[in-house]
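Letter by letter, the chains look like this.
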Protein chains: 2
Amino acid sequence: MGNVRKAFGVDIGGTNVVIGLVTENGDVSDVKKFQTKDFNEYRKLIDALSVYIKSFKDECIEGIGIGAPNGNFYKGTIEYPANLPWKGITPFAAELTEKCGSKVFLTNDANAAAIGEMSFGAAKGKKDFIMITLGTGVGSGIVINGNLVLGSNGMAGELGHTCIIPYGRKHPGTGLRGSLESYCSANGIVETAKEFIAKFQSHSPLKFFEEKDITAKLIYEHALKGDALSLQIFEYTGELLGKAFANFVMFSAPSLIVLFGGLSKAGGLILNPAKKYMEENLLEVFKNTCSIQLSGLPEDDAAILGAASLVFQNVKN
Amino acid sequence: MGNVRKAFGVDIGGTNVVIGLVTENGDVSDVKKFQTKDFNEYRKLIDALSVYIKSFKDECIEGIGIGAPNGNFYKGTIEYPANLPWKGITPFAAELTEKCGSKVFLTNDANAAAIGEMSFGAAKGKKDFIMITLGTGVGSGIVINGNLVLGSNGMAGELGHTCIIPYGRKHPGTGLRGSLESYCSANGIVETAKEFIAKFQSHSPLKFFEEKDITAKLIYEHALKGDALSLQIFEYTGELLGKAFANFVMFSAPSLIVLFGGLSKAGGLILNPAKKYMEENLLEVFKNTCSIQLSGLPEDDAAILGAASLVFQNVKN
């Protein structure tokens with residue numbers, strides 16, 4: 001059975017770097033986790049990864065796939081990452097290849113998630129879909145006619161930074177106003193909660209928390225208990241998400257939008273308004289052509305699966 | 001030189017239907033124009049086109065390309081056209097093929113324009129660009145990695161109907177609120193003029209026209225003469241266009257946006273604010289990666305060239 005294809009998947013995140021061995025069937029093993037803050041320089045991470053990879057000398061590996069913030073597929077570079085300890089443009093893929101002799105494919109984390117979803121998850125068999133990751137930020141990976149959209153600069157698919165409310169909230173990281181990420185991320189929903197608490201007369205228990213203690217999880221728990229204000233916060237977040245989705249659908253006509261990440265765990269609380277407002281804002285010919293579903297990948301392994309799928313997609317079997 | 005490839009290009013518009021013979025070098029000849037209103041049924045237009053096409057029995061034609069409102073490339077149908085005398089879904093391509101024995105390719109007019117621009121115009125050699133037609137409405141054709149984006153339903157690329165101002169103007173045709181088309185089309189700019197005339201203290205000569213006499217052309221002429229209100233109307237239109245473009249760029253990362261159609265003739269009046277506001281609203285990694293240019297196609301033949309290019313693109317040489 002030596003013929004099962006294998007690759008390493010690497011997920012570089014703001015908190016952890018995780019590496020695992022993935023088969024073409026989607027089996028994940030040998031997962032190792034590093035703390036991102038331990039690498040004040042990217043070369044130290046490359047060293048740690050290659051030591052680990054080389055310890056599998058008996059395994060026949062087709063390559064290494066990496067999902068990283070601001071990953072540029074064409075150049076294999078990580079460019080100006082906001083949440084990593086090192087800055088600037090780093091030739092991550094090239095240097096990792098040099099160190100361990102394997103082919104390395106690198107793209108941004110949401111793109112990797114999209115490929116993973118197409119290989120193993122909810123988008124299996126789909127040729128046109130959009131992956132939206134609703135975490136601390138909002139990321140996206142766009143697949144058109146079976147191919148990841150990379151665009152002229154290799155950085156396409158930054159839907160979290162598109163403007164949904166002109167002159168809206170200023171994003172602390174980008175300086176852009178009214179972006180999807182400013183409203184529909186974990187941070188965004190907390191901002192909405194603060195606004196709604198200040199704005200609406202309400203007996204919501206949320207009013208008794210200090211601002212610093214309000215989290216997406218807290219709002220979710222109160223929504224589950226039936227707190228009207230918390231429900232309203234989710235309804236509003238889903239409404240904005242759905243309206244943004246309508247714009248995306250009229251761009252590339254996907255048959256599916258897949259949601260992944262912390263905020264998507266709110267399930268119907270966010271899915272139902274998103275579906276409703278997406279449909280309401282679509283041109284007739286697009287109505288009922290695109291469904292919204294939660295990710296079909298196991299949460300712990302999703303990023304690694306996605307990253308490794310880059311290898312299976314790009315290395316000819 | 002009987003080896004030059006040839007195809008018919010057909011442009012079906014609300015006012016005229018135009019057909020012409022096009023070579024792979026972009027030469028257009030034998031142009032014939034019909035009035036759209038003369039065809040109360042689509043089959044009458046098919047009859048008229050096939051009579052004309054059959055009269056070229058000595059020409060070796062590779063096929064017929066058609067650009068039509070709401071044209072579906074996959075199905076060869078025209079679906080619920082707003083401005084044509086017939087309604088519903090009509091199997092236009094299949095019936096024209098049956099009548100005259102040629103291969104027929106049909107897509108929406110802005111998609112055809114995009115292919116034309118890639119074959120003969122400003123987008124020659126570009127793999128990632130977006131065509132925006134600024135006419136009575138706002139149309140779009142999106143090219144990613146050298147391929148027209150059609151999407152899961154064959155109708156992708158309706159950027160004119162994306163929302164740019166939540167709860168904004170209601171579009172009389174679609175019922176959608178705040179769409180790009182409601183602001184940045186010839187009709188949209190007239191609406192803006194009416195609003196600005198009512199809203200701003202001004203000595204603009206526009207104030208002395210009856211509402212029904214205000215046209216995009218009139219505003220343009222007054223802007224050229226230096227009328228501050230008319231200039232402000234163009235600045236606002238360009239601003240909205242530029243902000244919408246920023247969103248499009250963060251979707252597919254085109255290296256070029258090509259403008260075509262009546263309103264684009266305003267040139268710098270609309271291009272300059274569009275460029276400025278696009279750049280201002282882009283994420284850092286996209287700044288200065290996308291230019292905005294006017295169409296490189298001769299105005300009279302652009303639609304026919306685009307439609308015929310569909311044939312050259314899709315028939316293997």
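The preceding data block contains the structure.
Worth saying up front: this structure is predicted, and the values here are computed from it rather than measured.

**Topic: the pairing of strand E12 (residues 256–260) of chain A**
Residue and element names in this part refer to chain A.
- The element E12 is largely enclosed, with a buried count of five among its five residues.
- Here E12 shows two buried faces, one formed by Leu256, Val258 and Phe260 and the other by Ile257 and Leu259.
- Here E12 pairs with strand E13 (residues 291–294) via four bridges, running parallel. When the bridges of E13 are listed, Val258 appears paired with Gln293.
- Read as a crossover between parallel neighbours, the route from E12 over helix H8 (residues 268–280) to E13 is right-handed.

**A few points about the interface of chain A and chain B**
- Each side of the interface is counted separately: chain A has 41 residues, and chain B has 41 residues.
- Here chain A meets chain B over a buried area of about 3100 Å², counting both sides, of which 66% is carbon and sulfur.
- Per-residue buried area on chain A facing chain B is highest for Phe251(A), Leu283(A) and Val285(A); these three make up 22% of the total on that side.
- Put simply, chain A and chain B have zero salt bridges between them.
- For the pair chain A and chain B, the interface holds 16 residue pairs in polar contact (both at pLDDT 80 or more).
- Of all the elements in the fold, those that place two or more residues in the side of chain A that touches chain B are strand E10 (138–144) and helix H7 (228–252) of chain A.
- Examining the composition of the side of chain A that touches chain B, we find that seven residues originate from one element, H7(A), more than from any other.
- Its residues assigned to classes, the side of chain A that touches chain B comprises 23 nonpolar, 13 polar and five charged.

**Focus on the nonpolar core**
- Residues Ile132(A) and Ile132(B) are the most contacted members of the largest nonpolar core, which totals 109 residues.
- Ile132(B) has contacts with Val138(B), Gly139(B), Ser140(B), Leu159(B), Phe245(B), Phe248(B), Ile257(B), Val258(B), Leu259(B) and Phe260(B), leaving out every residue within four places of it along the chain.
- Counting residues in each nonpolar core, the second largest holds 29 residues, with Ile46(A), Ala48(A), Ile61(A) and Ile64(A) among its members.

**Comments concerning the relation of the copies chain A and chain B**
- Mapping chain A onto chain B leaves a residual RMSD of 0.1 Å; the transformation is a rotation of 180° accompanied by 0.0 Å of translation along its axis. Considering both components of the superposition, the chain copies are consistent with a two-fold axis.
- Both copies share a contact surface, since 100% of the interface residues of chain A are interface residues in chain B too.

**Some words on the environment of Lys127(B)**
- Within the fold, Lys127(B) resides in the loop between helix H3 (109–120) and strand E9 (129–134).
- Note: C-alpha distance between Lys127(B) and Ile19(B) (108 residues apart in sequence) is 28 Å.

**Quick look at unusual backbone geometry**
- Phi is positive for Ala253(A), which is not a glycine, with a value near 50°.
- With a phi close to 55°, Asn145(B) is a non-glycine residue in the positive phi region.
- Structurally, Asn145(B) is set in the loop between strand E10 (138–144) and strand E11 (147–148).
- Asn145(B) gets classed as partly exposed once you look at its relative accessible area, which sits at 46%.

**Brief notes about helix H9 (residues 302–314) of chain B**
Residue and element names in this part refer to chain B.
- Here H9 contains 13 residues, and its C-alpha end-to-end distance of 19 Å stays within 8% of the 18 Å for a straight helix at 1.5 Å per residue.
- Across the 13 residues that make up H9, a large majority, ten, are buried.
- Along H9, the residues classified as buried are Ala302, Ile304, Leu305, Gly306, Ala307, Ala308, Ser309, Leu310, Val311 and Phe312.

**Points about the pattern of salt bridges**
Residues and elements named next belong to chain B.
- If you walk through the whole model with that rule in mind, you get 20 salt bridges over all chains.
- Across the pair Arg5 and Glu62 runs a salt bridge, and its minimum N-O distance is 2.7 Å. Here the residue Arg5 occupies a position in the segment before strand E1 (6–12), and Glu62 occupies one in the loop between helix H1 (42–54) and strand E4 (64–67), the gap between them amounting to 57 residues.
- Overall, Arg5 belongs to the buried group, its relative accessible area being 9%.

**Quick notes on the pairing of E1(B)**
Residues and elements named next belong to chain B.
- Across the seven residues that make up E1, a large majority, six, are buried.
- Bridge count between E1 and strand E2 (residues 16–23): seven bridges; the pairing is antiparallel. Across the sheet, the residue bridging to Ala7 is Val22, located in E2.
- Taking the residues between adjacent antiparallel strands as the criterion, E1 and E2 are bridged by three residues.

Definitions and limits used
Residues numbered from 1 in each chain as written. Chains lettered and ligands numbered in written order. Predicted model: local features only at pLDDT ≥ 70, side-chain atom pairs only at ≥ 80, totals over all residues. Heavy atoms only, no water. Buried < 20%, exposed > 50% of the residue type's maximum accessible area, 1.4 Å probe, protein only. Helix = DSSP H or I, 4+ residues; strand = E, 2+ residues; numbered from the N terminus. Pairing = 2+ DSSP bridges. Right-handed = clockwise from strand over helix to strand, strands pointing away. Contact = heavy atoms within 4.5 Å. Buried area = accessible area lost by both parts, 1.4 Å probe. Salt bridge = Lys/Arg side-chain N within 4 Å of Asp/Glu carboxyl O. Polar contact = N/O pair within 3.5 Å; in protein donor to acceptor, adjacent residues only side chain to side chain. Nonpolar A, V, L, I, M, F, W, Y, C, P; charged D, E, K, R; others polar. Core = buried A, V, L, I, M, F, W, Y, C linked by side-chain atoms within 4.5 Å. Least-squares fit on C-alpha atoms with pLDDT ≥ 70 in both. Expected span 1.5 Å × (residues − 1).

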